[in-house]
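Summary of structural features
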Amino acid sequence: MPGKPKTAARDYVIFPDSYIVDHFARLGYAVDCDQLAFTLETVDDFIEARDQRWHRPGHIARRDHSGLLVIEDAQPQALQPTRDIVVVSLGDARVVMGVLDRAGRNRFAHTM
């Protein structure tokens, strides 16, 4: 509906779920949309949080100007298992996934 206020980050992504799932598949991750988080935080916000607020920042494995960020072996909060975090920019919002098992790429974190 035109003029409808956008209240959730998912509302800012114009792509259908199938496109998003296919995009992650091209990156090597088999996911469903319910395993993804949508956010209005920028890629730079994730880098700043990683540097300043995460318990263990891990290392940046990939950062593309197209809006792709892959952080490996990060631990955003103490007592959480380490994980890889993938951030994909899709226009006005980002899609985020936490991967607990990099080898199988099929065990996903329920929280960042």
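Residues numbered from 1 in each chain as written. Predicted model: local features only at pLDDT ≥ 70, side-chain atom pairs only at ≥ 80, totals over all residues. Heavy atoms only, no water.

1. Some remarks on the nonpolar core
Within soluble globular proteins, side chains that are nonpolar tend to cluster in buried spots. Quick reminder of the rule: By nonpolar core is meant a set of buried Ala, Val, Leu, Ile, Met, Phe, Trp, Tyr and Cys residues that side-chain atoms within 4.5 Å join together. Between buried and exposed lies partly exposed: a residue is buried under 20% and exposed over 50% of the maximum accessible area for its type, with that area taken using a 1.4 Å probe on protein chains only. Numbered from the N terminus, helices here are DSSP runs of H or I no shorter than four residues, and strands are runs of E no shorter than two.
The biggest cluster of nonpolar side chains holds 16 residues, and the ones touching the most others in it are Ile20, Phe24, Tyr29, Leu36, Val86 and Met97. Of all the secondary-structure elements, those providing two or more residues to this core are α1 (17–26), β3 (68–74), β4 (83–90) and β5 (93–99). When residues in this core are grouped by element, the largest group, four residues, is from β5.

2. Things to note about the confidence of the model for the chain
Worth spelling out the cut-off: Values of pLDDT, ranging from 0 to 100, describe the predictor's confidence in every residue of the model. Note on definitions: a residue-residue contact is assigned when non-hydrogen atoms from the two residues lie within 4.5 Å.
Put simply, the chain has an average pLDDT of 85, and 83% of its residues get 70 or more. Below a pLDDT of 50 lies the segment residues 106–112, which in the model reaches 24 contacts outside its immediate sequence neighbourhood of four places, other chains included.

3. Remarks on the sheet that holds β3
For clarity, the cut-off: One bridge is not enough; two strands pair if DSSP finds at least two bridges between them. For helices, the fitted axis covers only the stretch in contact; all axes are lines through C-alpha atoms, and the angles between them, taken along N-to-C directions, range from 0 to 180 degrees.
If you trace the five strands from one edge of the open sheet to the other, you get β1-β5-β4-β3-β2, paired in antiparallel fashion. Bordering the open sheet on either side are β1 (37–39) and β2 (59–64), each of which pairs with just one other strand. Pairwise comparison of adjacent strand axes, ignoring direction, gives a mean angle of 20° for this sheet. Bridge count for β3 against β4 is five bridges, and the pairing is antiparallel.

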